[in-house]
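Take a look at the letters that make up each chain.
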Amino acid sequence: MRVVVQRVKSSSVKVNEEIVGSIDKGLLVLVGFTHDDNIDKIKWMVNKIINLRVFDDENGIMNKSVCDIGGSVLSVSQFTLYADSNKGNRPSYINAMNQEEASKLYDIFNKELSDKINTQTGIFRADMQVELINDGPITIIIEK
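Residues numbered from 1 in each chain as written. Predicted model: local features only at pLDDT ≥ 70, side-chain atom pairs only at ≥ 80, totals over all residues. Heavy atoms only, no water.

Caption draft 1: Expanded view of the nonpolar core. Membership of the largest hydrophobic core comes to 26 residues, with the highest contact counts inside it found for Val3, Val5, Leu27, Val29, Phe33, Ile49 and Phe109. Breaking this core down by element, the ones donating at least two residues are strand E1 (2-15), strand E3 (26-32), helix H1 (39-51), helix H2 (99-114) and strand E8 (128-143). Judged by nonpolar contacts, the second largest core, of 11 residues, contains Val15, Leu28, Leu74 and Met128. (Core = buried A, V, L, I, M, F, W, Y, C linked by side-chain atoms within 4.5 Å. Buried < 20%, exposed > 50% of the residue type's maximum accessible area, 1.4 Å probe, protein only. Helix = DSSP H or I, 4+ residues; strand = E, 2+ residues; numbered from the N terminus.)

This is the structure we're talking about:
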């Protein structure tokens, strides 16, 4: 499981020119799944994301989590996080989980997140346009 976490002032995702998910201050999370991912990895990742201290405290030190600041999460599926571009110029996606299984894990991931924090989502396999105002910028890659 691989995620890209971006601290944002705001973010939204559109499908067919319609906003399907939108947050103000919080985290944009791009998530991709690989073959050996499971519920245990999802729970670990959700805990890591919601407790990641990337927001400033009163002294300007990144010491607060998205939960501490009352923020939200926008979760967007992105199989291209498992692109392998070592050979040639066309990336291979052989390391990405098949869409049927990945869809199930994405639903579980979002349920685990939404049980702990306000969570908005994109639409799995849709052609999405993601807009964000990256705050910092702060961008972190986490893999389990």
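There's more to say after this.
Caption draft 2: Local environment of the pattern of salt bridges. This structure, assessed with the given rule, holds 11 salt bridges. The closest approach of N and O atoms between Asp135 and Arg7, which form a salt bridge, is 3.4 Å. In this pair, Asp135 sits in strand E8 while Arg7 sits in strand E1, placing the two residues 128 residues apart along the sequence. Here Asp135 and Arg7 have matching classes, each one buried. Among the salt bridges present, the one from Lys104 reaches Glu101, with a minimum N-O distance of 3.6 Å. (Salt bridge = Lys/Arg side-chain N within 4 Å of Asp/Glu carboxyl O.)

Caption draft 3: How the structure looks around the environment of Asp40. Tracing the backbone shows Asp40 in helix H1. Taking the C-alpha atoms as reference, Asp40 lies 10.0 Å from Lys144; in sequence the two are 104 residues apart.

Caption draft 4: The pairing of E1, seen in detail. Within E1, 11 of the 14 residues are buried, which leaves the element mostly enclosed by the surrounding structure. Direction of pairing for E1 relative to E3: antiparallel, over a ladder of 7 bridges. Counterpart to Val3 in the pairing with E3 is Val31. In this structure, E1 lies alongside E8, joined through 12 bridges in antiparallel fashion. Note that in E8 the partner of Val4 across the bridge is Ile141. Here E1 pairs with strand E2 (residues 18-23) via 5 bridges, running antiparallel. (Pairing = 2+ DSSP bridges.)

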